[in-house]
Amino acid sequence: KQYNVAILGATGAVGTRMIEQLAQSTIPVKHVKLLASKKSAGKTLQFKGQPVTVEETTPESFDGVDIVLSSAGGSVSKKFLPEAVKRGAVCVDNTSAFRMEPDVPLVVPEVNEAALKDHHGIVANPNCSTIQMVMALEPVRRNFGLKQIVVSTYQAASGAGQSALNEMYQEAQDFLDGKDMQPDAHILPTKGDKKHYPLAFNLLPQIDVLEESGYSHEEWKMIHETKKIMLGDMNSQDIKVTATCVRVPVPIAHGESVYFTVEDESATAQDIMRVVADFPGNVLEDDIAHQIYPQPINAVGKRETFVGRIRPDYENKGAFNMWVVADNLLKGAAWNTVENAERLVALGLV
Ligand code: A2P
Ligand code: 11C
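Criteria and thresholds
- Residues numbered from 1 in each chain as written.
- Chains lettered and ligands numbered in written order.
- Predicted model: local features only at pLDDT ≥ 70, side-chain atom pairs only at ≥ 80, totals over all residues.
- Heavy atoms only, no water.
- Salt bridge = Lys/Arg side-chain N within 4 Å of Asp/Glu carboxyl O.
- Helix = DSSP H or I, 4+ residues; strand = E, 2+ residues; numbered from the N terminus.
- Buried < 20%, exposed > 50% of the residue type's maximum accessible area, 1.4 Å probe, protein only.
- Domains from an automatic or database assignment.
- Contact = heavy atoms within 4.5 Å.
- Buried area = accessible area lost by both parts, 1.4 Å probe.
- Polar contact = N/O pair within 3.5 Å; in protein donor to acceptor, adjacent residues only side chain to side chain.
- Nonpolar A, V, L, I, M, F, W, Y, C, P; charged D, E, K, R; others polar.

Engineer: Tell me about the pattern of salt bridges, and please be specific about residues and values.
Structural biologist: This structure, assessed with the given rule, holds 14 salt bridges. Its salt-bridge partner being Arg343, residue Glu113 comes within 2.6 Å of it at the nearest N-O pair. Of this pair, Glu113 sits in the loop between α3 (109-112) and β8 (122-124) while Arg343 sits in helix α9 (residues 330-346), and the two are 230 residues apart along the sequence. On the accessibility criterion, Glu113 (25% relative accessible area) is partly exposed. By relative accessible area, which is 28% here, Arg343 ends up partly exposed. With its nearest N and O atoms 2.9 Å apart, the salt bridge here joins Glu138 to Arg141. With Glu138 and Arg141 both in helix α4 (residues 128-144), this residue pair falls 3 residues apart, about one helical turn. The buried category is assigned to Glu138, whose relative accessible area is 1%. When salt bridges that share partners are traced, they join Glu60, Asp63, Glu83, Lys86 and Arg87 into one network.

Engineer: Break down the domain arrangement of the protein for me, citing the residues and quoting the values.
Structural biologist: When cut into domains, the protein gives domain 1 (3-125 + 333-346) and domain 2 (130-328). With 18 residues of domain 1 at the contact, the number on the domain 2 side is 20 residues. Both sides of the domain 1 and domain 2 interface together cover about 1,700 Å² of buried area, and 62% of this is carbon and sulfur. A per-residue breakdown of the area domain 1 buries against domain 2 is headed by Met100, Glu110 and Val111, which together make up 37% of the total. Joining domain 1 to domain 2, the criterion identifies 1 salt bridge. Linking domain 1 to domain 2 there are 8 residue pairs in polar contact (both at pLDDT 80 or more). Looking at the side of domain 1 that touches domain 2 residue by residue, the classes come out as 8 nonpolar, 6 polar and 4 charged.

In structure tokens:
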């Protein structure tokens, strides 16, 4: 069988990468439809070297579509994906719109592929910072049991979309040209909020909106998505998770400092390294004698999750630190979405 595939948000930072990842995937594609807002209608993009005209998204855009890959923002997903499902499509949604719905599987294939079979037309792709953390920690959970996770993120500008990335480059340019030490920001930390701050040569400890709890919504996602993916219950207390999310002036690829405790206190750092390295999709880059460790610039364009600096907390038994890097636009978004679609096809679930 060959599949008609629609990419919703095809002109965006993630959408353009979905086009590339789909072209390189095992999915037999009959026809690809590239959907965006009215603003981009008529623009030409390429799929496998062939020009494809971008169309404005309407409910009828999904007539005859088998698979939808979507990354045009939560409100666009909420509006259009039910229309696509009504027309018989299976959607893999990279936004947060449906992630916490009980009948929507939230899937990182290497970690919880089995959840795909419970879909009712929508599969959710987790947040980028959650995906790379569960990739690094799932082998630890399976082999030694996980008790607690304390994560601090170093998140790239592209996580907030192409416009945020463009704004950071412009700020850096203006700063180096001596134009403005406090440029007028319009997008970051998050489009919808009242105040905006520059990211170039700065750090912003706010990703997404700040909630009354004191946590940002990105931090909330890391806590609850991790529990849903690893334990099948977003409120489980079986693993305790806390997070601090920070935007850093890096274009692409998120870094994470992850502190975790395991049930099996006999586990050594060497044991952790071994199981992390053996897990599909992970690459261990941990050779301190040769200064080898994961770095964002080396992860750009790669599908894998890179893990290093694995070391014990010498003052607490069964506790470790590690450093995790992945391309937020690929494993964190476009590749994990296409990988979910590949698995749905392979398992006969489309
Ligand atoms: P457009 O380029 O026409 O605005 P990013 O995550 O990089 O900001 O990209 C967002 C993506 O979502 C873009 O492809 C954008 O298309 C698309 N998009 C934004 N609003 C809508 C909408 N109302 N309907 C369909 N696509 C939309
Ligand atoms: C960021 N992690 O870096 C966000 C982007 O829930 O899919 C992805 C938001 C999401 O800003």
